[in-house]
Amino acid sequence: MLKGIGASQGWGIGKAVIIKDAGLDYSKVVFTNAQDQKKRLGDAVSAYKAETQSLAESLKSSAGEKEAEILQGHIVMLSDPFMISQMEENIEGGFVAEKAVDTVCSMFIDVFSSADDELTRQRASDVKDIRDSLLKKLLGRESTDISSVPPNTVLIAEDFTPSMTGKIKKENVAAIITETGGVTSHSAILARAMGIPAVLSVSGATKAVLPGQTVIADGFKGKIIVNPSPEELNDFAKKQRDFLAEKESLKRYFARKTITRAGVQKYVYGNIGKPEDVQNVLQNGGEGIGLFRTEFLFMDRVSLPSEEEQFEAYSTVAKAMNGKEVIIRTLDVGGDKDIPYLNIEKEENPFLGHRAIRYCLDNPEMFKKQLKAIMRAAVYGNIKIMLPLVTCIDEVRAAKEIISQCEAELSEKGTAYKSCELGVMIETPAAALISDLLAREASFFSIGTNDLTGYIMAADRGNAKVEGLYDTFREPVLRAIEMTIKNAKAAGITVGMCGEAAADLRLVPKLVEWGLDEFSVSPGSILQTRKAICEL
Ligand code: PEP
Ligand code: MG
C-alpha cells in the first residue's frame, strides 16, 4: 500500500496508465553523418506534417475552423524552405538533427517574441510547439494522450498541470494519483469538480506502479493499493456501496433551502472551470455559481479566445443558471496557471509576480475583450464580475475605469450589454488587512482561502512538506477571515467564500457564526455543505 493525501473523495479502481514527462534532453544523441541526420530530420518533419494535418481535420469538426487553421499554420511554417534549409545547414556543420531543430526554432522564437505586435509574438508559441513536437519525434518520446485513455483508467503522473487535467474525460478516468500537490492544488480542485477520486503526493508513484496494474485509490484516506487481493477487492466494493448510499441520503438536501436551525438563510453555490461544469452544479442542487475560473477557457489552445468565444461560454452559463447568480472571475493567469502563448516572462517568484489582475491591468486590450464578453453575456442572466488577487484599492479603481471604457464602447456601437456588480476576491493578506477600505469600492467580497492561507502562512499550497503549516484552521488565517467578514457586514455588502475551506466541516460553524452569506464549493461538496449548515 502507498500513502498520499486524499484530495478528492471517493474510491476508484482501474488499470494504471502512467504519464511520464517525456523530457527533451538530446545531449546524449551522437552525430553519425550529415546524410543520416538529414534523413532523420526529413522523416520527423514528414511524420509531424501528416499527423498535424489529420489532427486539423478532426479538430475542424470538434472544435471549429479557427483551431484547425492554427494547426494548418504550423504545417505552412514547417514548409518554409528557409526554415528547413537552415536546419540542414546546421547539420552540415556537425549538429545532430535535434540540435539543428532546437537552434533554428529558438532563433525564430527569439525574433517573434521581441516583436511589438501581439499577433507576431503569438507565433513564438507556435514555433515552440513545432520545436517540441519535432524533438519528441526525433527522440521517440511520444507522450500518452490523456484525452484518449480507455474506460476504467487510473491516471498516475508526477503532477497534472491544469492543462493536462483539462484533457481528462471523466467517464474514462476512475481515479487520479500524483507524486506532488496538496488538497488545494489545481489538480485536486479539478478532480473534485469532475467528481474523480484523487490521491496526491504519493511519493514515487510513477515508478512503484507499473502500467496496466490494477490499482485501488482511496480518495478519503489518501491510500492506494496495487494488485489488490480478493479480500481487498471485497472491502473496496463494500466501502464504495456505503459511499454511494451516503451520497444518496444527501439527496434529501437537493431541493431544500440552506437555512440554519436558528432560521438564518445562507446560500451554497458551486465553483466551475468550464461551461460544462454547470450541469454538475445544478445536479447537486447549487444555488448559484460562486466562482467561474475563466482561465480554463484560455488554456489548452495556442491563442487567446476571442470576445465572441468568451461571450458564448459566459452566456451559456448564464442561460443554464436561469437567473441564478453567476460570479465570473476575470483571468487569473500566472502562479501555477501557465498559459504558454501569453509568453509571460519567467519569474523568480511567480506566485508573487506579474499575475492575475496585475497582468490584466497591464494588458488592457485583452482584459477589455473579456470584460465586454462578460457584460454582453449579462443580458442573458444574473452575472457579476470578480477581480482576483487584489492587493490595493488602486487596482479596483483602475479596473472600474476600464469597465467604464468598455461600457462606453459597447454603447457607441449599439451592442446590447448589462452593467455588472463588481466584487473583489480577498485572497491576499493585503486585501484582508484593508478589507474595510475595499468594502467601500466593491459590491461584494469572496474569500479565496486557497491563496489566502498560503500567503498568510508563507506555505506553498502544492508542497506536501509544508502541508502542516498550510492549514486554513490556523489562527492567523481565521483572524483574517473573521476580520474580512466583519468589515463586509459593517459596510453592508455580501460576503462569500470560494476557496476550498468553504466546504471544510470544521470551519462551517465558525463561518456561519461570523455571518458569511454564501459558500461556494466544488459541485460534489454542495449537498454535504448544505447539510452541515442546516444542522447548525
Ligand atoms: C482561492 O485562492 O481560494 C481561489 C478560489 O482561487 P484559485 O484556487 O483559483 O487560486
Ligand atoms: Mg486564488
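Our structure is the block above this text.
Let me begin by describing the structure that accompanies this report. (Residues numbered from 1 in each chain as written. Chains lettered and ligands numbered in written order. Predicted model: local features only at pLDDT ≥ 70, side-chain atom pairs only at ≥ 80, totals over all residues. Heavy atoms only, no water.)

**Observations concerning the pairing of strand β14 (residues 422–426)**
Every other side chain in a regular strand lies on the same face of the sheet, so the side chains alternate between the two faces. The criterion, for reference: Think of it in three bands: residues with accessible area under 20% of the maximum for their type are buried, residues over 50% are exposed, and the middle band is partly exposed, with areas taken using a 1.4 Å probe on protein chains only. We count a stretch as a helix when DSSP gives it H or I for four or more residues in a row; a strand needs E for two or more, and each element gets its number in order from the N terminus. When DSSP finds two or more bridges between two strands, those strands count as paired. By the criterion used throughout, a crossover qualifies as right-handed when its path from the first strand across the helix to the second strand runs clockwise, the strands pointing away from the viewer.
In terms of residue burial, β14 counts as a mostly covered element, since five of its five residues are buried. Burial along β14 is two-sided: Leu-422, Val-424 and Ile-426 and Gly-423 and Met-425, pointing in opposite directions, are all buried. Here strand β13 (residues 382–387) runs beside β14; their pairing, made up of three bridges, is parallel. Directly across from Leu-387, in β14, lies its bridge partner Val-424. Once you follow β13 into helix α15 (residues 393–413) and on to β14, the crossover reads as right-handed.

**Considerations on the pattern of salt bridges**
Opposite charge on two side chains makes pairing possible when the charged atoms of those side chains draw close. Stated precisely, the cut-off is as follows: By convention in these notes, a salt bridge is any Lys or Arg side-chain nitrogen within 4 Å of a carboxyl oxygen on Asp or Glu.
Within this structure, the stated rule accounts for 28 salt bridges. Two residues, Arg-192 and Glu-500, come together in a salt bridge whose shortest N-O distance is 2.5 Å. Of this pair, Arg-192 sits in helix α7 (residues 186–194) while Glu-500 sits in the loop between β16 (494–497) and α20 (508–514), and the two are 308 residues apart along the sequence. Assessed through its relative accessible area of 12%, Arg-192 is described here as buried.

**A short note on the coordination of the magnesium ion (ligand 2)**
Put simply, the rule reads: Only N, O and S atoms count as donors, using a 2.8 Å limit from the metal and a wider 3.2 Å limit for Na, K and Ca, and since water is excluded some coordination spheres may look unfilled.
Note on the magnesium ion (ligand 2): its protein donors are Glu-427 (OE) and Asp-451 (OD). The metal-donor distances range over 2.0 to 2.1 Å. Taken together, the residues span a long stretch of sequence, with Glu-427 in the loop between β14 and α16 (429–433) and Asp-451 in helix α18 (residues 449–457) at a distance of 24 residues. On the basis of relative accessible area, Glu-427 is assigned to the buried category, the value being 2%.

**Quick look at unusual backbone geometry**
A positive phi is found at Asn-152, a non-glycine position, where the angle reads about 60°. Position of Asn-152 among the secondary structure elements: in the loop between α5 (118–139) and β4 (153–157). Accessibility expressed as a relative area gives 52% for Asn-152, which makes it exposed. In this structure, Ala-356 is a non-glycine residue whose phi angle is positive, near 50°. Topologically, Ala-356 is positioned in helix α13 (residues 356–362). Given the relative accessible area of 0%, Ala-356 is considered buried.

**Remarks on the site of ligand 1**
Formally: Summary of the distance rule: residues count as near a molecule or strand when at least one heavy atom falls within 4 Å of that molecule or strand. Definition of a polar contact: a pair of N or O atoms within 3.5 Å, with one able to donate and the other able to accept a hydrogen when the atoms are protein atoms, and with sequence-neighbouring residues admitted only if both atoms are side-chain atoms. For accessible areas, the Shrake-Rupley method is used with a probe of radius 1.4 Å. Any residue's cover is judged against the shown protein chains and nothing else.
In the vicinity of ligand 1 lie 16 residues, with Arg-293, Arg-329, Gly-448, Asn-450 and Arg-461 positioned nearest. One of the side-chain nitrogen or oxygen atoms of Arg-329 is found 2.8 Å away from an oxygen atom of ligand 1. A distance of 3.2 Å separates an oxygen atom of ligand 1 from a polar backbone atom of Gly-448. Burial of ligand 1 by the protein chains amounts to 100% of its free accessible area of 290 Å². Contributions of two or more residues to the shell around ligand 1 are made by α7, β11 (289–293) and α18.

**Remarks on α7**
Along an α-helix, residues three or four apart share an orientation, since each turn contains 3.6 residues. Taking burial as the measure, the nine residues of α7 include nine buried ones, the bulk of the element. Burial in α7 covers these residues: His-186, Ser-187, Ala-188, Ile-189, Leu-190, Ala-191, Arg-192, Ala-193 and Met-194. Taken from the residues just after α7, Gly-195 is the one with a positive phi, measuring 70°.

**What to know about the side chain of Gln-310**
Applicable threshold: Whether two residues are in contact is decided by their heavy atoms: any pair within 4.5 Å suffices.
Along the chain, Gln-310 falls in helix α12 (residues 307–321). Residue class for Gln-310 comes out buried when judged on its relative accessible area of 1%. Residues within four places of Gln-310 in sequence aside, it is in contact with Phe-298, Pro-305, Lys-369, Gln-370 and Ala-373.

**Here we look at the pairing of strand β8 (residues 223–226)**
One ladder, built from two bridges, connects strand β1 (residues 2–3) with β8; its direction is antiparallel. Counted as the bridge partner of Lys-3 is Lys-223 from β8. Of the pairings in the sheet, the one linking strand β7 (residues 214–218) to β8 comprises four bridges and is antiparallel in character. Residue Ala-217 lies in a different strand from β8, and its bridge partner there is Ile-224.

**What about the environment of Ser-303?**
Considering the arrangement of structural elements, one finds Ser-303 in the loop between α11 (295–298) and α12. Taking relative accessible area as the criterion, Ser-303 reaches 10% and is therefore assigned buried. Each C-alpha atom, one on Ser-303 and one on Met-497, is 32 Å from the other, the two residues being 194 residues apart in sequence.

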